[in-house]
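# Residue-level structure breakdown
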Amino acid sequence: MTSGIRPLSVSVPSDELAGDLQPLPEGVELMVWSMTEPAPRDRIDLVVAPYMSMHHVLSALNGVTTELVQGQSIGYEGVEDLLPDGYVFANASSVHETSTAELALALTLAAQRHIPEFVRAQPEGRWAPETTASLADRRVLLLGYGGVGKAIAARLAPFEVEIVAVARTARDEDGVRVHAMDQLPELLATADILIASLPGGDATRHLVDDAALSALPVGALVVNVGRGPLIDTEALVAHVGRGRIRAALDVTDPEPLPQDHPLWTLPGVLIAPHVGGASSAMRPRIARLVKRQIERMAAGEEPLNVVIDKR
Ligand SMILES: O=CC(=O)O
């Protein structure tokens, strides 16, 4: 970018992100605003919202003139209703796909190869060999084939698995057969591993319900890196409790999972506290996205990743 660009004011929610954005082009004024206190200005051209808790702070925008509100997650459930009229919101879909796919693989491998059991045996010095499940030669069903689903498929490929996917639109993509949603019951019946990466919201709520879980073969593994409500938690607890299936979850319903929730202690359940996107790759990637948005806004171009436009 050359100097002499349109002056822009930009707010970010932390000093760390402000540091990652340096150096900024001349004419860009950067301020730190966590959105939990009153706005430092009545005009901030680009507001970067905090990670994961943005819906708690959207009312802070009222009265602030802004061209773009940049979220830091892929998911933006609740934002549509809470974003005041006149505002434009972009998500960070390109930022989290790789990290979320990494965690999906980590959870899948850990659960298949019984890593949690070995971790539990270690402090006792207990040498307890056992034959574990595998990833090789298993049939993996990807529920959702968006950015995260595709990143999971790409990472699964070298493990010599059979990959099929199910999504809103049937298609062949990157050598993967993507089936339409009405095929889900049939596909579940032959899936050794189900990996869900769909977004939340009414359209996907309890897509994996008691009937879907009943369709899975005995011993199947259910992995969820999308949103907790995709799965009917009560039904999942019942099926895992009977030892029919196992689960590895980065997202749960409710979230955070209460300390006395049965999922914590059920054998065959591995839980991560919704950290799929939260790796060391995140902040530099958010900074790259914000820089691109600044360049586009300075050049008078439409921002990237706009998912809600209330202009
Ligand atoms: O859950 C994390 C995200 O939506 O990016």
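What you see is a predicted model; the values in this text were computed from it and never measured. (Residues numbered from 1 in each chain as written. Predicted model: local features only at pLDDT ≥ 70, side-chain atom pairs only at ≥ 80, totals over all residues. Heavy atoms only, no water.)

## Section: the sheet that holds strand 13 (residues 269–271)
Definition in use: Two strands form a pair only when DSSP identifies at least two bridges running between them. Per the convention used, a helix needs a DSSP run of H or I reaching at least four residues, while a strand needs a run of E reaching at least two, with both numbered from the N terminus. Note on method: axes are straight lines fitted to C-alpha atoms, helices fitted across the in-contact stretch only, with angles between N-to-C directions ranging 0 to 180 degrees. We call two residues in contact when some of their heavy atoms are within 4.5 Å.
Strand order in the open sheet made by the 8 strands is 8-9-7-6-10-11-12-13, with mixed pairing throughout. The open sheet has two edge strands with one neighbour each: strand 8 (171–173) and strand 13. Looking at each pair of strands side by side, their axes are set apart by 20° on average, direction ignored. Two strands pair when backbone bridges link them, and strand 10 (residues 193–196) and strand 11 (residues 221–224) are joined in this way by 4 bridges, in the parallel orientation. If you follow Ile 195 over to strand 11, its bridge partner there is Val 223. Contacting strand 10, strand 11, strand 12 (246–249) and strand 13, helix 3 (residues 93–112) runs over the sheet at an angle of about 155° to strand 11. Here helix 5 (residues 147–156) sits on the sheet in contact with strand 6 (139–143), strand 7 (162–167), strand 8, strand 9 (176–180) and strand 10, set at roughly 165° to strand 6.

## Some details on the UniProt feature "domain: D-isomer specific 2-hydroxyacid dehydrogenase NAD-binding" (unreviewed entry) in the chain
The cut-off we apply is this: UniProt positions are given in the numbering used here, feature names are shortened, and annotations may be inferred rather than shown by experiment.
As recorded in UniProt, the sites labelled "domain: D-isomer specific 2-hydroxyacid dehydrogenase NAD-binding" (unreviewed entry) are residues 105–276. Helix makes up 26% of residues 105–276 and strand 20%. Its end C-alpha atoms lie 11 Å apart.

## Concerning the nonpolar core
Rules: In plain words, nonpolar cores are sets of buried Ala, Val, Leu, Ile, Met, Phe, Trp, Tyr and Cys residues tied together by side-chain atoms within 4.5 Å. The buried label goes to any residue with under 20% of its type's maximum accessible area, the exposed label to any with over 50%, and the partly exposed label to all in between, with areas taken from a 1.4 Å probe on protein chains only.
In this structure, Leu 141, Leu 143, Leu 213, Leu 216, Leu 236 and Ile 245 are the most contacted members of the largest nonpolar core, which totals 30 residues. Of all the secondary structure elements, the ones that give two or more residues to this core are strand 6, strand 7, helix 6 (184–188), strand 10, helix 7 (210–215), helix 8 (233–241) and strand 12. Ranked by the residues each element gives to this core, the list is headed by helix 8, at 4 residues. With residues up to four places along the chain from it excluded, the contact list for Leu 216 reads Leu 188, Ala 191, Val 222, Arg 244 and Ile 245. Core analysis: the second largest hydrophobic core is formed by 28 residues, Leu 107, Ala 111, Val 176 and Ala 272 among them.

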